[in-house]
Amino acid sequence: MSRHLLVFIFLVFTYNVSCITIDLESAQAVRNVSSKFVGVTLDAGLIGKRWKTFNFTSQKVLTLAKGMSPSYLRIGGTAGDRMIFNMTHDQRNSPNHRHYAMKVADWDNLNHLVMNAGLDLIFNFNVLLRKNGHWDPTNAKELLEYTVKQGYKPAGYELGNEPNYFRGAVSEKQLAKDFAALKNIVSSSGVPPFLTIGPDVGGMLPGSKAPTFLKNFLEAGGGDVVDVVTVHQYYSTGRNVTLKDFTDRKVLDTFIPEVDLFVKTCNEKAPNKQCWLGETSSFSHGGAPHISDRYVAGFLWLDKLGLSALRGLQGVLRQQFYGGNYALLDTNLNPNPDYWLTLIYKRLVGSPVFDVTQTKDPNVRVYAHCTNVSSSIGYKPGSITVYFYKPGSVMVYYILL
């Protein structure tokens, strides 16, 4: 292959860099991903906490948000199933009375941010607002009416967060019916074209209850209703996590059976529908303190992006843009290392995705894509981006021109 080689060393962690041979001559393009492959989230719980230090009027926040464009911004999370727009709904209809309000100003600020930053908004409705065993769309209709009136254009809508943890409050069959109601209500509201996204099942570990919940939901009609099938994934909780866990090949490899089972289930039960990680990061419950917000977290993040694209996902939404130890921005609204890694990824990595081989070192992770020639960097068509690393050693981007 006659190409010039530019090397970008993004992160040097320790040492022991070994020689790596990569065969690009026989690399096969296996699938495509969109320019919105990597997106971000904001947890709905931030609304209940009045956004903490997040500042919608900050030029810095707007500039950093623009750095993620084009992408989706999802508003969701467990707290979303306690949130009511404008607090006008009759709370007695819900089994959960610990509600809080998303004020009109909150919705305005979110929509103005995504419009100004060039992002597409995804909003998760509260599925625990229920009446006679069914989802009660009264509050959703109020939000949609206001959305149409203001001319806002969210790109997608979800219903509920990690319903497999509801302890029987909503069955898979009933949830599929609720999603059908959601799609009909949004369609009749007059909003522009949108995606129906869900069911945001928590986890996909083989042998757990989550894969069965997803399968039953899709078979019960959910697979016909949703446009994008979503699950959430974390390597484990952020409790008792050590530095070694962020570069341990055994930890990285735990993602493989989850993503493979998810893609297999999607292809069988919802063919021709997109499959996304609707929420994901390193470790759950906010991440690991003083580790998930450091450079070492990039090993898990880059490997997850590489595996997701290679093994058949069409979207990965990073938890989260702001808030928690795993956030892209810290409490002072300054970028954490994973913000810069995400920015570089979006600037350099394009489509299609290649399946490449390398010297038989099981600890080396190698991924390759066509370079993103549509970015402002100005690479020529035919360029290839290769990113690889050996956990605990070095993380490298190569651009072949």
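Residues numbered from 1 in each chain as written. Predicted model: local features only at pLDDT ≥ 70, side-chain atom pairs only at ≥ 80, totals over all residues. Heavy atoms only, no water.

Enquirer: Outline the overall build of the protein, listing residues and values.
Expert: Check the secondary structure of the protein and you find 10 helices and 18 strands. Residues classed as buried in the protein amount to 58% of the 401 residues present. Within the protein, residue pairs in contact and separated by at least 24 positions form 77% of the contacts whose partners lie at least 6 positions apart. In the form shown here, the protein has an accessible surface area of approximately 16800 Å², with 52% of it arising from carbon and sulfur atoms. (Helix = DSSP H or I, 4+ residues; strand = E, 2+ residues; numbered from the N terminus. Buried < 20%, exposed > 50% of the residue type's maximum accessible area, 1.4 Å probe, protein only. Contact = heavy atoms within 4.5 Å. Areas by Shrake-Rupley, 256 points an atom, 1.4 Å probe, with all protein chains shown as cover.)

Enquirer: I'd like a rundown of the environment of V356, residues and numbers included.
Expert: Mapped onto the secondary structure, V356 falls in strand β15 (residues 349-358). Put simply, V356 and D23 are 333 residues apart on the chain and 6.4 Å apart in space, counted from C-alpha to C-alpha. When near neighbours in sequence (up to four residues on either side) are disregarded, V356 contacts I22, D23, L24, A27, V366 and A368.

Enquirer: Give a description of the nonpolar core that names residues and reports values.
Expert: Residues L42, F54, W107, F125 and F321 are the most contacted members of the largest nonpolar core, which totals 105 residues. Among the elements that line this core, the one with the most residues is helix α9 (residues 297-310), at 9 residues. Excluding its chain neighbours within four sequence positions, the residues that come into contact with W107 are F85, M102, L121, F123, L143, Y146, T147, Y152 and P154. The next biggest cluster of nonpolar side chains, apart from the first, holds 11 residues, and it includes L24, A368, C370 and F388. (Core = buried A, V, L, I, M, F, W, Y, C linked by side-chain atoms within 4.5 Å.)

Enquirer: Explain the packing of aromatic side chains to me, and be specific about the residues and the numbers.
Expert: Inspection of the entire model under this criterion finds 20 aromatic pairs. Consider the rings of W51 and F56, whose centres lie 4.9 Å apart with planes at 85°: the pair is edge-to-face. Judged on exposure class, the residue W51 and its partner F56 are both buried. Taking 5.2 Å as the distance between ring centres and 90° as the angle between the ring planes, the aromatic pair formed by Y339 and W340 counts as edge-to-face. Through pairs of rings, three or more aromatic residues link up here, namely W107, F123, F125, W135, Y157 and F194. Looking at K304, its charged tip hangs above the ring of F255, at a distance of 5.7 Å from the centre. (Phe/Tyr/Trp six-rings, centres within 6.5 Å; stacked < 30°, edge-to-face > 60°. Lys NZ or Arg CZ within 6 Å of the ring centre and 35° of its normal.)

Enquirer: Describe the pattern of salt bridges, with residues and values.
Expert: Per the counting criterion, the structure on display carries 16 salt bridges. E279 is paired through a salt bridge with R74; the nearest N and O atoms lie 3.0 Å apart. Of the two residues, E279 sits in strand β13 (residues 274-280) while R74 sits in strand β4 (residues 72-76), which places them 205 residues apart along the sequence. Given a relative accessible area of 7%, E279 falls into the buried group. (Salt bridge = Lys/Arg side-chain N within 4 Å of Asp/Glu carboxyl O.)

Enquirer: Requested: an account of the packing of helix α5 (residues 172-188) against helix α6 (residues 209-225), with residues and values cited.
Expert: The geometry of α5 relative to α6 is characterised by a closest axis approach of 8 Å and an angle of 35° between their N-to-C directions. Crossing geometry of α5 relative to α6 is assigned as right-handed. From α5, E172, K173, L175, A176, F179, A180 and K183 reach across to α6, where they touch T212, F213, N216, F217, A220, G221, G222 and V225. Class assignment of the residues belonging to the contact of α5 with α6 gives a composition of 8 nonpolar, 4 polar and 3 charged. (Axes fitted to C-alpha atoms, helices over the stretch in contact; angles between N-to-C directions. Left-handed = near helix turned anticlockwise from the far one by under 90°. Nonpolar A, V, L, I, M, F, W, Y, C, P; charged D, E, K, R; others polar.)

Enquirer: Quick rundown of the sheet that holds strand β3 (residues 38-43)? Include the residues and the values.
Expert: The strand order β3-β4-β7-β10-β11-β12-β13-β14 describes a closed barrel built from 8 strands, whose pairing is parallel. Neighbour to neighbour, the strand axes of the sheet diverge by 25° on average, direction disregarded. Looking at chain direction, strand β11 (residues 195-202) and strand β12 (residues 228-233) are connected through 5 bridges and run parallel. Residue pairing across strands places V201 opposite V231, the latter belonging to β12. (Pairing = 2+ DSSP bridges.)

Enquirer: Please provide a residue-by-residue account of the pairing of β4, values included.
Expert: The element β4 is largely enclosed, with a buried count of 5 among its 5 residues. Residues of β4 alternate between two faces, with Y72, R74 and G76 on one and L73 and I75 on the opposite face, all of them buried. Pairing geometry for β4 and strand β7 (residues 120-125), over 4 bridges, is parallel. Within the sheet, the bridge partner assigned to Y72 lies in β7 and is D120.

Enquirer: How would you summarise empty space enclosed by the protein if you had to cite specific residues and measurements?
Expert: Tallied over the entire structure, the rule returns 3 cavities of 30 Å³ or more. Reported here for the largest cavity is a volume of approximately 110 Å³. If you trace the largest cavity, you find 15 residues lining it, with M83, F123, F125, N126 and N139 closest to the centre. Where the lining of the largest cavity is concerned, the elements lending two or more residues are β5 (83-85), β7 and α4 (138-150). Split by residue class, the lining of the largest cavity holds 10 nonpolar, 4 polar and 1 charged. (1 Å grid on protein atoms, 1.4 Å probe; cavity = no way out; pocket = protein on both sides within 12 Å on 5 of 7 lines; lining within 4 Å. Points joined across faces, edges and corners; volume = space filled by probe spheres on them.)

Enquirer: Outline the packing of α9 against helix α10 (residues 337-348), listing residues and values.
Expert: Where α9 contacts α10, the two axes come as close as 10 Å, and the packing angle between them is 30°. Classed by the angle they form, the pair α9 and α10 counts as roughly parallel. For the pair α9 and α10, the crossing hand works out as right-handed. Here A297, G298, W301, L302 and L305 of α9 come into contact with α10, specifically with D338, L341, T342 and Y345. Of the residues contributing to the contact of α9 with α10, the split by class is 6 nonpolar, 2 polar and 1 charged. (Parallel < 35°, antiparallel > 145°, perpendicular 65-115°, else oblique.)

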